[in-house]
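Listed below, chain by chain, are the residues.
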Amino acid sequence: MSLALPFQTAKQLAAAVRKKKIGCLELLDLYLKRVEAYNPELNAVIATDIEGARKRAKAADKAVKVGKKLGPLHGVPMTIKESFDVAGYPTTWGDPAFKEAIVKTDSVFVRRMRKAGVTLFGKTNVPLNLADWQSYNEVYGSTNNPWDLGRTPGGSSGGSGAALAAGLTGIDAGSDIGSSIRNPAHYCGIFGHKPTYGVVSYKGHTRGGFGLGDITVVGPLARGAEDLEIAMDAIAGPDEIDGRGWKLRLPRSEKKKLRDFKVAVLLTDPNAEVDHSVQAEIQKLADFLAKKKVKVSDKARPAIDTAEMNDVFIRLLRAATSTRMTDAVYEQALADAKSLPASDMSYFAQMQRGNSLAHRTWLQLNEKRHRMRLAWDAFFEDYDLMLCPVAVTAAFPHDQKGLRHLRTIVVNNKKVLVVDQIFWAGYAGLTYLPASAAPIGQTAAGLPIGVQIIGPQYGDYDCIQFAKLLEKEYRSFEPPPAYG
């Protein structure tokens, strides 16, 4: 069944523009009207340039009329995560100190999406410093999940996930160091792709800085898996400096059918127990794949100690994000790390050790990371993909009180620390692996559930191809009832 126009994929929208079934300005205005109608209760789109967008849409219409060569996303209205530099907008990362800091140039990601033809018209909400699976801050307020306004849409690309699910935009993009693309896709019932580390330029996503941080990536979010592929075609590759010396050639997927894949399935892990509602949907998917003659193993795993992996990930993750801390916060982390016993392996202890990590220790952890990369590579000699959870539950209720690392969620009728599920971010992220998130089901309460599709390093298009086949044969995007 074809979805209503606002919920169609970016590819479908671009096709409608090329076939002159709808004009670029007309399509933009359709989304702007939806933003006006639905965004007040969602607070997903938090900054717009309507005048500039309408001007660009008119120019896009003229290009169609005169027969110019059109990009693959020509005329598709786009929003983007607030943390990307877009000329004329502030880049705050939710911090009031940067509220008036208007940037003058587009990030590499934005430039490449514009070249692909999008009509960028706004930015979407994030948590402070992109450091939560909820999206709220003092600058722009709190974003709600269109499936249940009392729940988070995820983070840190939560505004992007909510805007796409509610039909407020044609395509979006986020960043991911702790599942910030995969998590909103899972919570909002859409598709997302965390690229292989380093294959998409990070330039213009550093809030005043220039360097590429450890682990972190930028990538697309969409209502269709093929949109992820189109976006990756547009954005992947080195920036202007690196491009003088090397070119990227990601291998295209040679798999045409589901049965061409060999997959392993992981339902849960002792380091981050997964709710039975999520496990059940992944198991249903595994059973479906087996019936489709896909080689499925529920035993195959990379030869990695997952407790050690989690330890290394948390410390390297917090080392990577420590540059955002003030000197005073850093000094407190240093003091905490020195005072805590070595036997304390709580998230707080590991976080503070990571926040104040000595470079010598970083190098030792990095060596462990690269040994794990080799273990994953050996695993992928026998299997094409690993299917596993994105997070331990579906979207959880808003909880913005107190310190994040002390907040809890309910998993299998037990309260657990919300930060425990960082494990599932690191399962792919620590070792630079690509991972797509795709919707596969719902909870009994009607909340979306997704699956994480992990591939070998540089196997981005196999992850996306598998998501495309799932979309075609198993489950595709469904609009939240209140917005369809």
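Before any of the text, the structure's been laid out above.
Quick summary incoming for the structure in this document. Being a predicted model, the structure only gives us computed values, none of them experimental.

Regarding the pairing of strand β8 (residues 217–222)
For a regular strand, side chains alternate in direction, first toward one face of the sheet and then toward the other.
Now for step 1: The buried fraction of β8 amounts to 6 of the 6 residues, a majority that puts the element mostly inside the structure.
Now for step 2: Sheet analysis places strand β6 (residues 172–176) next to β8, joined by 5 bridges and oriented antiparallel. Each residue of the ladder has a partner; that of Ala173, found in β8, is Pro220.
Now for step 3: Across 2 bridges, strand β7 (residues 191–194) lies against β8 in antiparallel orientation. Residue pairing in the sheet places Gly192 in a bridge with Leu221 of β8.

Remarks on helix α9 (residues 306–321)
Now for step 1: Here α9 is 16 residues long and its end C-alpha atoms lie 22 Å apart, about the 22 Å a rise of 1.5 Å per residue gives.
Now for step 2: The element α9 is extensively covered by neighbouring structure, given that 13 of its 16 residues are classed as buried.
Now for step 3: Measuring from the side-chain oxygen of the N-cap residue of α9 to the backbone nitrogen of Ala307 gives 2.9 Å; that N-cap residue is Asp305.

Remarks on the packing of aromatic side chains
Now for step 1: This model, assessed by the stated rule, comprises 15 aromatic pairs.
Now for step 2: Between the aromatic rings of Trp376 and Phe379, the centroid separation amounts to 5.6 Å while the plane-to-plane angle is 90 degrees, which identifies the pairing as edge-to-face. With Trp376 and Phe379 both in helix α12 (residues 359–379) and 3 residues apart, this pair spans about one turn of that helix.
Now for step 3: Judged by centre distance (5.2 Å) and plane angle (75 degrees), the ring pair of Trp376 and Tyr427 falls under edge-to-face. With Trp376 in helix α12 and Tyr427 in helix α13 (residues 422–429), the pair connects residues that are 51 residues apart, well separated along the chain. Summarising the burial analysis for this pair, Trp376 and Tyr427 share the class buried.
Now for step 4: Each residue in the set Trp376, Phe379, Phe380, Tyr383, Phe423, Trp424 and Tyr427 is aromatic and connected to the rest through ring pairs, giving one cluster.
Now for step 5: In this structure, Arg252 packs its charged tip against the face of Tyr461, placed 3.9 Å from the ring centre.
Now for step 6: The ring centre of Trp133 lies 4.7 Å from the NZ or CZ of Arg404, which sits over that ring.

What about helix α1 (residues 10–18)?
Now for step 1: Among the residues of α1, Ala10, Leu13, Ala14, Ala15, Ala16 and Val17 are the ones counted as buried.
Now for step 2: Contact partners of the buried residues in α1: α2 (24–42), α3 (50–66) and α7 (225–235).
Now for step 3: Among the residues trailing α1, Lys20 stands out with phi positive, at a value near 60 degrees.

Conventions used here
Residues numbered from 1 in each chain as written. Predicted model: local features only at pLDDT ≥ 70, side-chain atom pairs only at ≥ 80, totals over all residues. Heavy atoms only, no water. Buried < 20%, exposed > 50% of the residue type's maximum accessible area, 1.4 Å probe, protein only. Helix = DSSP H or I, 4+ residues; strand = E, 2+ residues; numbered from the N terminus. Pairing = 2+ DSSP bridges. Expected span 1.5 Å × (residues − 1). Polar contact = N/O pair within 3.5 Å; in protein donor to acceptor, adjacent residues only side chain to side chain. Phe/Tyr/Trp six-rings, centres within 6.5 Å; stacked < 30°, edge-to-face > 60°. Lys NZ or Arg CZ within 6 Å of the ring centre and 35° of its normal. Contact = heavy atoms within 4.5 Å.

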